[in-house]
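Structure at a glance
As a plain string of letters, each chain reads:
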Amino acid sequence: MNNRKPILLLIIIVMLLQLVVVPLANADETDNYRVLESKRYKLKSVYELVNTGSYEAYSVKTTILVGAISNSPYQKNLNYKVTPWPKYTYVDSAGNIYAEVIIDRIKPKETKTITIEKEVENGGISYSKDIYNMGADYTEFLENINNKQYIEAGNKVESTALEIKAKASDFDLSNTKVELAKDIYDFVNTYITYDLNTKYANKGALSAIRAARGVCDEYATLFTAISRALNLPARVVTGYWIDEPLKQESWNDISDKAHAWAEFYLPTVGWIPVEPTLIYSTYNGVRTPNHEYFANLKTDEIHLLYGYLQNKFRNDVSISYSFYNSTSVDIKIGQQAVMPVGSISNSDAFTDIGSSWAKDYINKLYNNGILFAKQPGLYKPSDNITRAEFAAYLVNTLKLDPKTSDITFKDVKDDSDYASFIKTAAAYKLIAGDAQGYFRPKDPITRQDAAAIMKRAIELFNIDYAALMEPTFIDNNQVSLYAKSAVKLIYNMKIMTGKPGNLFEPKSYTTRAEASKILDNYINVTR
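The rules behind these values
- Residues numbered from 1 in each chain as written.
- Predicted model: local features only at pLDDT ≥ 70, side-chain atom pairs only at ≥ 80, totals over all residues.
- Heavy atoms only, no water.
- Helix = DSSP H or I, 4+ residues; strand = E, 2+ residues; numbered from the N terminus.
- Rg over C-alpha atoms; globule rule 2.2 N^0.38 Å.
- Buried < 20%, exposed > 50% of the residue type's maximum accessible area, 1.4 Å probe, protein only.
- Contact = heavy atoms within 4.5 Å.
- Areas by Shrake-Rupley, 256 points an atom, 1.4 Å probe, with all protein chains shown as cover.
- Lys, Arg positive; Asp, Glu negative; His and termini not counted.
- Charge placed at Lys NZ, Arg CZ, Asp CG, Glu CD.
- Patch = residues over 30% accessible without salt bridge, like charges linked within 9 Å, V, L, I, M, F, W, Y side chains within 5 Å.
- Salt bridge = Lys/Arg side-chain N within 4 Å of Asp/Glu carboxyl O.
- Core = buried A, V, L, I, M, F, W, Y, C linked by side-chain atoms within 4.5 Å.
- Pairing = 2+ DSSP bridges.
- Axes fitted to C-alpha atoms, helices over the stretch in contact; angles between N-to-C directions.
- Phe/Tyr/Trp six-rings, centres within 6.5 Å; stacked < 30°, edge-to-face > 60°.
- Lys NZ or Arg CZ within 6 Å of the ring centre and 35° of its normal.
- Polar contact = N/O pair within 3.5 Å; in protein donor to acceptor, adjacent residues only side chain to side chain.

Bringing the overall build of the protein into the picture now. Regarding its fold elements, the protein presents 11 helices and 21 strands. Expected size for 527 residues packed as a compact globule is a radius of gyration near 24 Å; at 24 Å, the protein falls within 12% of this value. Burial status across the protein gives 54% buried among its 527 residues. Once local pairs closer than 6 in sequence are excluded, the contacts in the protein between residues at least 24 apart make up 78%. For the protein, the computed accessible surface area is about 23,400 Å², with 48% contributed by carbon and sulfur atoms. For the protein, the distance from the average position of its 60 positive side-chain charges to the average position of its 61 negative side-chain charges is 5 Å.

So, in structure tokens, the structure goes:
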């Protein structure tokens with residue numbers, strides 16, 4: 001196999017949504033907002049890989065956008081499953097989850113199917129009027145390296161373009177951030193005329209400001225671009241807007257329901273949705289914005305979140321494959337539908353974790369795209385985790401975009417297992433090799449090495465911590481000098497708190513179960 005043919009496809013992600021709409025017992029509520037009539041949905045996406053050529057295709061690698069780790073308050077992701085089992089999952093800086101599926105071979109005229117199933121909770125949302133009077137200090141928010149993207153220009157969000165900056169200069173910066181966001185919403189809602197013409201549709205913010213025409217993509221990207229031009233963190237959300245009743249216990253076609261909207265960020269409150277598309281009123285020929293869709297989502301108009309638009313362009317689906325003789329593999333999109341369901345699956349992510357003390361950690365991290373299987377269907381919680389696996393899971397935990405590094409390892413080639421994760425971790429100086437230039441990716445990682453890597457993660461994200469006390473482990477004297485400060489830090493931050501008998505066991509290997517708890521502890525103490 002001396003040829004490899006890449007195909008990159010940008011498509012609207014297809015979902016066979018199997019929805020059973022069951023109101024939850026209580027609305028989620030804070031002092032600032034209420035999630036209303038939260039309901040449960042089962043989502044299913046099907047992709048058909050068709051070999052349209054005359055020869056076999058081998059090692060067909062498909063990378064597919066699965067969804068996103070939602071930190072939008074109106075939607076919670078419960079679980080997901082990809083069939084066949086993916087080799088890897090990746091989490092990007094926006095929180096999107098990608099699955100890499102390898103199919104050994106596809107014969108001529110043969111079709112292979114990839115299925116994605118997810119379960120979520122989603123509802124309407126209503127915000128308190130108090131948010132209009134809140135001040136906003138974004139210093140802490142922007143110290144997180146992943147959050148800087150929300151004030152930067154990006155794909156379809158040309159916030160540094162002269163036309164966008166000129167319009168941004170018209171807004172009153174003496175207002176509170178919510179008042180500012182509302183002014184931007186008013187402008188976008190009444191400025192753009194909804195137009196499906198391909199000359200204007202799905203072209204982004206710069207086209208929208210120039211043409212004043214477009215579809216939901218233009219409304220969402222223009223709101224986001226003007227907000228970012230004024231240093232108001234904002235992002236574009238992609239998904240589905242279902243604005244008509246669903247038939248119970250039968251499939252409902254949603255092939256025409258793909259949609260985009262926007263969110264802006266307010267410290268202490270979080271991400272606040274805005275729906276600027278189309279819904280204004282006209283009085284004496286003058287457009288008047290409809291404020292029912294600012295900082296508010298209605299319960300009878302479902303906004304099902306699927307992903308977040310990244311600043312750097314990335315295909316929703318990409319394929320590559322090998323062949324002895326030239327052939328072609330195409331993707332066909334399956335049915336898009338919704339159907340009500342009565343309950344959510346309580347099954348574990350893997351078949352071998354039912355009796356593991358770390359089951360809850362493993363399920364949680366898997367469902368956030370962080371962990372993936374050791375073998376199809378198996379997590380192997382009692383196995384020692386390798387240095388490569390730990391690096392991969394940490395990169396996903398930190399939501400680090402792929403990055404190349406000047407650091408190279410003699411035993412990590414471009415086509416090595418976990419190569420992209422290892423290179424990214426090295427680029428961010430989370431890992432290092434030995435004096436001979438080897439990373440030793442297949443070796444198990446010691447507990448003190450895991451501690452050292454977690455310390456670097458804390459420092460990378462500028463995470464504050466209080467004064468540190470010396471650990472009281474009875475085997476403190478066994479911690480190597482290079483790891484002493486790391487063990488002290490992660491002990492005080494309760495990321496690694498030791499083992500029974502007041503031991504740290506620094507030179508013992510870390511199990512895959514222990515790794516899940518370490519990473520979950522990190523998430524909990526740094527959120």
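The next thing to look at is a negative patch on the surface. A surface patch of negative charge is lined by D137, E140, E143 and D464. Inspection of the secondary structure assignment puts D137 in the loop between β8 (111–127) and α1 (139–143).

Another point: the nonpolar core. Counting residues in hydrophobic clusters, the biggest one holds 88 residues, and the most contacted among them are L49, L430, I431 and Y522. By residue number, the principal contributor to this core is helix α7 (residues 387–398), which donates eight residues. Among the nonpolar cores identified, the runner-up in size contains 58 residues, and Y33, A161, A168 and Y293 belong to it.

This part covers the sheet that holds strand β14 (residues 270–274). With antiparallel pairing, the four strands of this open sheet are ordered in space as β14-β13-β11-β18. The sheet terminates laterally at β14 and β18 (302–308), the two strands that pair on one side only. Ignoring which end each strand starts from, the neighbouring axes of this sheet average 45° apart. Contacts from helix α5 (residues 216–229) reach β11 (234–242), β13 (258–266) and β14 within the one sheet, and its direction differs from that of β13 by about 15°.

Time to look at the packing of aromatic side chains. Evaluation of the coordinates by the stated rule reveals 32 aromatic pairs. Here the aromatic rings of F171 and F187 are separated by 6.3 Å at their centres, their planes lie at 80°, and the arrangement is edge-to-face. Taken together, the residues span a long stretch of sequence, with F171 in the loop between α2 (162–168) and α3 (177–191) and F187 in helix α3 at a distance of 16 residues. Residue F171 shares its accessibility class with F187, and that shared class is buried. Members of the aromatic cluster, connected to one another through ring pairs, are Y88, Y90, F372, Y393, Y418 and F421. Directly above the ring of Y428 sits K403, whose terminal nitrogen or CZ lies 4.5 Å from the centroid.

A few words now on helix α8 (residues 419–427). Within α8, seven of the nine residues are buried, which leaves it mostly tucked inside the rest of the structure. All of the buried residues along α8 are A419, F421, I422, T424, A425, A426 and A427. Tucked inside the fold, the buried residues of α8 contact β6 (88–91) and α7. At the C-terminal side of α8, K429 shows a positive phi close to 60°.

For the rest of this paragraph, the subject is the environment of Y482. Position of Y482 relative to the elements: it lies in the loop between α9 (447–460) and α10 (484–492). With residues near it in sequence (within four places) discarded, Y482 still touches Q448 and D449. Separated by 3.2 Å, the side chains of Y482 and Q448 make a polar contact. Side chain to side chain, Y482 and D449 meet in a polar contact 2.4 Å long.

Following the sequence through the fold, H259 ends up in strand β13. Looking at H259, its side chain comes within polar contact range of the side chain of E275, at 2.7 Å. Apart from residues no more than four positions distant in its own chain, H259 is found in contact with C216, V237, T238, G239, Y240, W241, E275, T277 and H303.

The subject of this paragraph is helix α6 (residues 359–367). When we look at burial in α6, the residues that qualify are I362, N363, L365, Y366 and N367. Buried residues belonging to α6 abut β5 (75–83), β7 (96–106) and α11 (512–526). Just past α6, the residue G369 takes up positive phi, approximately 80°.

As a further point, take a nonpolar patch on the surface. A contiguous nonpolar patch, built from Y194, L196 and L278 and spanning about 310 Å² of accessible area, is present on the exposed surface. Tracing the backbone through its elements, the reader meets Y194 in strand β9 (residues 193–194).

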